[in-house]
Amino acid sequence: MAGTTAQEISKELDLDGLVHLENMFVEYGREDGLAAGVRNGVIEGRVMGCEKGFELSREVGYYAGCAQVWKTLAQLDKDRISEKTLKKITSLLELISSFPRQNQLDDDVIALLDRIRGKFKTVASTLQSSERFADAPKSKMFY
């Protein structure tokens, strides 16, 4: 009778089925979590890309504005800014115009931005200008 009771208990407590059920729910949860992570990652990546793109464009726009003002001043008052400095300003404007306006995988944007920064510093130093790009404070918006 003791053996019969053990068989009845083992039938009632089919632990293999319970363990399989638990593993099945863990796998479903894992698949749902991966899908949600992919969705959230895409959204977060797009937001981050927009923020970084805006920061880069704002900096390049600042350099372009300064170079345009300097070029205009050089054309209005030829005695104040030398021909050599005007060539440097023109070279800076050419670098800025080569900066990509769209996202392209093959462009090395950071290296080009470093070249623009260096050229800007050279021109500003030549003109004895203390102009420099001041990064704006970080946004208080959170996503």
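Residues numbered from 1 in each chain as written. Predicted model: local features only at pLDDT ≥ 70, side-chain atom pairs only at ≥ 80, totals over all residues. Heavy atoms only, no water.

Chemist: Which residues make up the UniProt feature "domain: Essential protein Yae1 N-terminal" (unreviewed entry) in the protein chain, and what are the values?
Modeler: Under the UniProt annotation, "domain: Essential protein Yae1 N-terminal" (unreviewed entry) lies at residues 31-67. Taken as a whole, residues 31-67 contains 100% helix and 0% strand, while its terminal C-alpha atoms sit 54 Å from one another. (UniProt positions renumbered as here; feature names shortened; annotations may be inferred. Helix = DSSP H or I, 4+ residues; strand = E, 2+ residues; numbered from the N terminus.)

Chemist: Which residues make up the nonpolar core, and what values go with them?
Modeler: With 18 residues, the main nonpolar core has W70 and I116 as its most contacted residues. Sorting the residues of this core by element identifies α2 (15-76), α3 (83-97) and α4 (109-126) as the ones contributing at least two each. Counting residues per element, this core draws most heavily on α4, which supplies six residues. Discounting residues that sit within four places of it in the chain, I116 has contacts with Y63, L92, L95, I96 and F99. (Core = buried A, V, L, I, M, F, W, Y, C linked by side-chain atoms within 4.5 Å. Buried < 20%, exposed > 50% of the residue type's maximum accessible area, 1.4 Å probe, protein only. Contact = heavy atoms within 4.5 Å.)

Chemist: Describe unusual backbone geometry, and please don't skip the residues or the numbers.
Modeler: Positive phi is not limited to glycine here, since Q128 has a value of about 55 degrees. Relative to the elements of secondary structure, Q128 occurs in the segment after α4.

Chemist: Give a detailed account of the side chain of E59, specifying residues and quantitative values.
Modeler: Secondary-structure assignment places E59 in helix α2. A relative accessible area of 8% means that E59 is categorised as buried. Sequence-distant contacts of E59, defined by excluding residues within four places in its chain, comprise L113, R117 and F133.

Chemist: Lay out the pattern of salt bridges in plain terms, naming residues and giving numbers.
Modeler: Throughout the structure, instances matching the rule amount to four salt bridges. A salt bridge links R117 to D114; the shortest N-O distance between them is 3.1 Å. Linking R117 with D114, this pair stays in helix α4, spanning three residues, or about one helical turn. Note on D114: relative accessible area 41%, which makes it partly exposed. Each member of the salt-bridge network shares a partner with another, and the members are E59, D114 and R117. (Salt bridge = Lys/Arg side-chain N within 4 Å of Asp/Glu carboxyl O.)

Chemist: Please provide a residue-by-residue account of a nonpolar patch on the surface, values included.
Modeler: Residues L21, F25 and Y28 make up a contiguous nonpolar surface patch of roughly 310 Å² in combined accessible area. Note on placement: L21 falls in helix α2. L21 gets classed as partly exposed once you look at its relative accessible area, which sits at 36%. (Patch = residues over 30% accessible without salt bridge, like charges linked within 9 Å, V, L, I, M, F, W, Y side chains within 5 Å. Areas by Shrake-Rupley, 256 points an atom, 1.4 Å probe, with all protein chains shown as cover.)

Chemist: Report on the packing of α3 against α4, specifying residues and quantitative values.
Modeler: One way to put it is that α3 packs onto α4 with a least axis distance of 10 Å and a crossing angle of 160 degrees. With respect to each other, α3 and α4 are oriented roughly antiparallel. Where α3 crosses over α4, the handedness of that crossing is left-handed. Here α3 contributes T85, K88, I89, S91, L92, L95 and I96 to the contact with α4, which in turn contributes L112, R115, I116, K119, F120, T122, V123 and T126. (Axes fitted to C-alpha atoms, helices over the stretch in contact; angles between N-to-C directions. Parallel < 35°, antiparallel > 145°, perpendicular 65-115°, else oblique. Left-handed = near helix turned anticlockwise from the far one by under 90°.)

Chemist: Tell me about the packing of aromatic side chains, residues and numbers included.
Modeler: Inspection of the entire model under this criterion finds five aromatic pairs. Three or more aromatic residues link up through ring pairs in this structure, and these residues are Y62, Y63, W70 and F120. (Phe/Tyr/Trp six-rings, centres within 6.5 Å; stacked < 30°, edge-to-face > 60°.)

Chemist: Give a description of α4 that names residues and reports values.
Modeler: For α4, built from 18 residues, the straight-helix expectation of 26 Å at 1.5 Å per residue is met to within 8% by its first-to-last C-alpha distance of 26 Å. Those residues of α4 lying buried are L112, L113, I116, F120, V123 and A124. Mapping the buried residues of α4 onto a view down its axis gives an arc of 105 degrees, with all of them on the same face. Of the exposed residues in α4, those oriented more than 90 degrees away from the buried face are I110, R115, K121 and S125. Positive phi appears at Q128, one or two residues downstream of α4, with a value of about 55 degrees. (Expected span 1.5 Å × (residues − 1). Arc of directions from axis to C-beta.)

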